[in-house]
Amino acid sequence: RRRAPLIHRGYYIRARAVDHCVQDFLLKTQSLPRTQILSLGAGFDSLYFRLKDMGLLQHTVVYEVDFPNVACQKAALIKGMKELSALVGDTGGEGLGAITFSGDDYKLLGVDLSELSELERALEEAGLNNEVPTLFIAEVVLTYMENTRSDALIQWAAEHFPQACFLVYEQVHPEDPFGRVMQQHFRQLNTALHSLAQYPDCEAQQRRFLGKGWTECSVMDMNEFFTCCIPEDEQQRVQTLEPFDEYEEWHLKCSHYFVLAASKGMEPSWTPLSPSVTVPCHAGPVGMAGSLPAAVCARLSGIPGLRRYGHRSVLIKPNVILTTGGFGEEDGQHCRVRNFHMLSKHAGHWEAVRVTQNIPDKRWGERLYHTVSCLSDTLALVVGGRTSPSSTGLGMLWLKFSKTCGASGPDDVALELVSLQPAAETAALRWRHSTTEITFKGEQYLFVYGGRSALEPVLGDWHFLHAPELSYTAIAVEGPVPESRHSHSACSWEGGVLIAGGLGAAEQPLGSIFLLRELEHGFRWQTIETHPPLVPRYSHTAHVHEGKLLLVGGVWFHAPSVPGVTVIDLMTGLCLNYVINVEHLEWPLMLHNHSSVFLPNEKELLVIGGGGNCFSFGTHLNPEPVLLSLSSILTSH
């Protein structure tokens, strides 16, 4: 049945990784008289039937092992479908020992993998030959076994088979926020992931195999596999199959699964994970310059309305923050959030203010990934956004509020939405873009840049809108044009705009920073070099303070850690990464699709919302706003 696009992609990459390695094994061994495939914990996998149908099993016998009840169910399914039983050719060997189904080149066995001596006996009875080159497949299997038992199985395979290959696909990185949600999901299903504590990353898995008798072992997470081992035309086919906008969740899912290929005694050696394209990847750990403490706001815990993602929060006046849109929790339901939310600071504490909304019709459109720009103390402009990836024509709106809005205490605040004529439609029919205030010749403009639209998965164009009447204005821009991007950050700085990071055309995170700088007759794009180079990222937020660019959170492909706060000195280009210390938080802090507000007097960042769908493991929304104190890194040295 049809499922969410994120789930489709997640299972596609799993099947693709296994097929890629299996077909590579069959190709490399096609000149040999006989080979074997042994699928451990095969479940209801159709791999044998696909390979047989493709004519790839000319001299290969496939053995599948699973618990006896699973193997019996599968045997009954095969016998009950004439297409399957015709393909396999039932030779009536079942009933012999553990065999539940037997064909010329297919044996299905019901055995508990953790009972190694039983497994060995059953395989011998079924005709498995130790002297024949053999591929072992364990696709999300070993992690469900106790480590001593799975380690023994890995070692047994290496010791008993002189020419062998071992393919593993399973989870990794248990301790970051996504990993914690993933582990919790499997614990609730009563199927804990045992491998993760002892083998938490790809390097540990590689050491595991090399230490248990395998002479060669390569491993990559699924972001690397998708980028390096899937041809570009196939990547594009997958990316355009159906409307898709869950990039953060997709890349996080891919960074929490790996594919491993180990071998011994193979001539030539078996290396299915050698990249067909080399992609510049950020090698080695990201150096951390220090840590920043995260704290919850005492009076904001449990306040409904701020558990959301894809929303926008903006300081509409000192100590008053307005949050709009996004997807989250409203009246106990997960939905696109219609209600606006206001926070006001009184006597040193943030408090929620009730907002009454004057929305005469559906013009607000329950939008995500829009922008909100405050143009005066009574007026903000909402640009773009989407309802769903195929419902995107949301245009622009004025947001009007009173001068005293939120300043007098937690009284009701009235907001009014005013629809705009389609004067600026091309600028507005986009989402995941940026809208930034700039000045040109002393006049105020809004600079709308990048994003994506229903037609274009990534945009690289820009528009100057003259405030306040929002007329399009043609202003000359010279210099190297930044590559198209969405989910980047944009900040006003010295009359121009700083663009950082983003997701580029091939769904690859970008590490470039550009400054659009005012000249006498127009603007110029200028690259800002950082050292060390900025780790590519997207879905972060950004702020500028006293010549320093702060990048908060986001998603990167560099799995050993999650992005914290990166501080870039715009004068020297020095780039420092700080980890966020979350020991005082009782829940995983997901810093993507969040919003953040910088409070210059307190040198604090207030992070609101964030999170998303964690693949099939459930939705995680940060339950309350978090304060990050930046005073230690922003004090002038």
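Owing to the predicted nature of the structure, the values given are computational and were not obtained by experimental measurement.

## A short note on the overall build of the protein
Secondary structure summary: the protein contains 14 helices and 39 strands in total. In terms of overall size, the protein behaves like a compact globule, its C-alpha atoms giving a radius of gyration of 28 Å where 637 residues would be expected to give roughly 26 Å. Expressed as lengths along the three principal axes of its C-alpha atoms, the size of the protein is roughly 85 × 50 × 45 Å.

## Some words on the layout of surface pockets
Estimated volume of the largest pocket: approximately 1100 Å³. Considering the residues around the largest pocket, the lining is formed by 35 residues, among which Ser313, Ala490, Ala542, His543 and Ser596 are closest to the centre. Taken together, the elements giving at least two residues each to the lining of the largest pocket come down to strand E11 (312-317), strand E18 (371-374), strand E22 (434-440), strand E27 (489-493), strand E31 (541-545) and strand E35 (595-599). Tallied by class, residues from the lining of the largest pocket come to eleven nonpolar, 20 polar and four charged.

## Here's the deal with the pattern of salt bridges
With the rule as written, the count across this model stands at 21 salt bridges. Here glutamate 242 ties to arginine 2 by a salt bridge, and the two come within 2.7 Å at their closest N and O atoms. Of this pair, glutamate 242 sits in the loop between helix H11 (232-239) and helix H12 (247-255) while arginine 2 sits in the segment before helix H1 (5-28), placing them 240 residues apart in sequence. When its relative accessible area of 66% is taken as the criterion, arginine 2 is described as exposed. Salt bridges here are not isolated pairs; linked through shared partners, they connect Asp245, Glu248, Arg386, Arg432 and Arg452.

## Quick look at the environment of valine 320
Tracing the chain through its elements places valine 320 in strand E12 (residues 320-324). Remark: the alpha-carbon pair of valine 320 and lysine 345, spanning 25 residues in sequence, is separated by 6.7 Å.

## Structural notes on the nonpolar core
Counting residues in each nonpolar core, the largest one holds 62 residues, and the members touching the most others are Val22 and Phe225. By residue number, the principal contributor to this core is H1, which donates ten residues. Not counting residues up to four positions away in its chain, the partners in contact with valine 22 are Ile37, Leu47, Leu51, Leu135, Ile137 and Leu167. Grouped together as the second largest cluster of nonpolar side chains are 38 residues, Leu113, Trp156, Ala158 and Val219 included.

## A word on empty space enclosed by the protein
A water-sized probe rolled over the atoms picks out the places where empty space is left. For the structure on display, the rule yields two cavities of 30 Å³ or more. Of the volumes computed, that of the largest cavity is approximately 60 Å³. Every residue lining the largest cavity is listed: Met222, Asn223, Phe226, Thr227, Gln239, Trp250, His251, Cys254, Ala506, Glu507, Gln508 and Phe557. For the lining of the largest cavity, the secondary-structure elements that each account for two or more residues are helix H10 (222-229) and H12.

## Some details on the packing of aromatic side chains
Per the counting criterion, the structure on display carries 30 aromatic pairs. Ring pairs connect the aromatic residues Phe440, Tyr445, Phe447, Tyr449, Trp462, Phe464, Phe514, Phe523 and Trp525, which therefore count as one cluster. Lying across the ring of phenylalanine 244, arginine 9 places its NZ or CZ 3.7 Å from the centre. Above the ring of tryptophan 250, the side-chain terminus of arginine 9 is found at 5.3 Å from the ring centroid.

## Looking at the domain arrangement of the protein
By the assigned domains, the protein splits into domain 1 (6-32 + 151-274), domain 2 (34-132) and domain 3 (288-629). For domain 1 and domain 2, the distance between their C-alpha centres works out to 23 Å. In this assembly, 16 residues from domain 1 lie in contact with 22 residues from domain 2. Of the roughly 1600 Å² buried between domain 1 and domain 2 on both sides combined, carbon and sulfur atoms contribute 68%. Between the two partners, domain 1 and domain 2, sit one salt bridge. Residue aspartate 19 pairs with arginine 50 through a salt bridge whose shortest N-O separation is 2.8 Å. Here domain 1 is connected to domain 2 by seven residue pairs in polar contact (both at pLDDT 80 or more). Elements with a minimum of two residues in the side of domain 1 that touches domain 2: H1 and helix H6 (147-160).

## Side note on the sheet that holds E12
The four strands are arranged E11-E12-E15-E16 in an open sheet whose pairing can be described as antiparallel. Each having just a single partner strand, E11 and strand E16 (349-353) make up the two edges of the open sheet. Here the average twist between neighbouring strands, direction ignored, is 25 degrees. Of the pairings in the sheet, the one linking E12 to strand E15 (residues 341-346) comprises four bridges and is antiparallel in character.

## Observations concerning the pairing of strand E32 (residues 548-552)
Every regular strand shows the same layout, with side chains that alternate between the two sheet faces. By the criterion of burial, E32 is predominantly enclosed, with four of the five residues buried. Here E31 pairs with E32 via five bridges, running antiparallel. Note on E32: the bridge partner recorded for alanine 542 is leucine 551. Counted between consecutive antiparallel strands, the loop separating E31 from E32 contains two residues, among which glutamate 546 sits at a positive phi close to 45 degrees. Here E32 pairs with strand E33 (residues 565-569) via five bridges, running antiparallel. Residue lysine 548 lies in a different strand from E33, and its bridge partner there is aspartate 569.

## Considering helix H3 (residues 68-80)
Helix length check: H3, at 13 residues, gives a terminal C-alpha distance of 18 Å against a target of 18 Å (1.5 Å per residue), a fit within 8%. Where H3 is concerned, the buried positions are Val70, Ala71, Lys74, Ala75 and Ile78. In an axial view of H3, the angular spread of the buried residues amounts to 135 degrees, which keeps them on one side of the axis. Opposite the packed face of H3, turned more than 90 degrees from it, sit the exposed residues Asn69 and Gly80. On its buried side, H3 packs onto helix H2 (47-53), strand E2 (60-66), helix H4 (82-88), strand E3 (99-102) and strand E4 (106-110).

## Here's the deal with the side chain of histidine 592
Relative to the helices and strands, histidine 592 resides in the loop between strand E34 (575-581) and E35. Looking at histidine 592, the relative accessible area reads 4%, which means it is buried. Apart from residues no more than four positions distant in its own chain, histidine 592 is found in contact with Glu248, Leu252, Ser539, Gly554, Val555, Gly610, Gly611 and Gly612.

## Focus: the state of the cysteines
Within this structure, the stated rule accounts for zero disulfides. This cysteine, cysteine 575, is not joined by any disulfide, and cysteine 491 carries the nearest cysteine sulfur, 14 Å off. Cysteine 614 takes part in no disulfide bond, and the closest cysteine sulfur to it belongs to cysteine 254, at a distance of 14 Å. Taking relative accessible area as the criterion, cysteine 614 reaches 1% and is therefore assigned buried.

Definitions and cut-offs
Each residue is numbered by its place in its chain's sequence as written, counting from 1. Local features in this predicted model are restricted to residues whose pLDDT is 70 or higher, and side-chain atom pairs enter the listing and the counts only when it is 80 or higher, whereas totals over whole chains, interfaces and linings include all residues. As a convention, hydrogens and water are excluded, and side-chain values are obtained from all of the structure's heavy atoms. Note on conventions: DSSP H or I runs of at least 4 residues are helices, E runs of at least 2 residues are strands, and numbering of each starts at the N terminus. Just to be clear, the radius of gyration here is over C-alpha atoms, and the globule rule we use is 2.2 Å times residues to the power 0.38. In this analysis a 1.4 Å probe is tested at points of a 1 Å grid over the protein atoms alone, and where it fits but cannot get out there is a cavity; an open set with protein on both sides within 12 Å along at least five of seven lines is a pocket; lining residues have an atom within 4 Å of a point. Grid points are joined across faces, edges and corners, and a volume is the space filled by probe spheres set on the points. All residues other than Ala, Val, Leu, Ile, Met, Phe, Trp, Tyr, Cys, Pro, Asp, Glu, Lys and Arg, Gly among them, are scored as polar; the first ten of these are nonpolar and the last four charged. Salt bridges are counted wherever a side-chain nitrogen of Lys or Arg sits within 4 Å of a carboxyl oxygen of Asp or Glu. Partly exposed residues are those whose accessible area sits between 20% and 50% of the maximum for their type, while under 20% is buried and over 50% is exposed, using a 1.4 Å probe and protein chains only. Put simply, a nonpolar core is a bunch of buried Ala, Val, Leu, Ile, Met, Phe, Trp, Tyr and Cys residues held in one set by side-chain atoms that sit within 4.5 Å of each other. In what follows, residue pairs with any heavy atoms lying within 4.5 Å of each other are defined as contacts. When the centres of two rings from Phe, Tyr and Trp lie within 6.5 Å, Trp using its six-membered ring, the rings pair. Their planes under 30 degrees apart give stacked, over 60 give edge-to-face, and anything left gives tilted. Placement of a positive charge over a ring is assigned whenever Lys NZ or Arg CZ falls within 6 Å of the ring centre and within 35 degrees of the normal to the ring plane. Segmentation of the chain into domains, including their bounds, is taken from an automatic or database domain assignment. Two parts placed together each lose some accessible area under a 1.4 Å probe, and adding up what both lose gives the buried area. In the analysis that follows, any N or O atom pair within 3.5 Å is treated as a polar contact, provided that within protein one partner can donate a hydrogen and the other can accept it, and provided that, for residues neighboring in sequence, both atoms belong to side chains. Paired strands, in this sense, are two strands between which DSSP finds at least two bridges. Here an axis means a line fitted to C-alpha atoms, over the contact stretch when the element is a helix, while the angle between two N-to-C directions is reported on a 0 to 180 degree scale. Helix span, as expected, comes to 1.5 Å for every residue beyond the first. To be clear, the arc concerns the directions from the helix axis to the C-beta atoms. Criterion for a disulfide: a pair of cysteine sulfur atoms within 2.5 Å.

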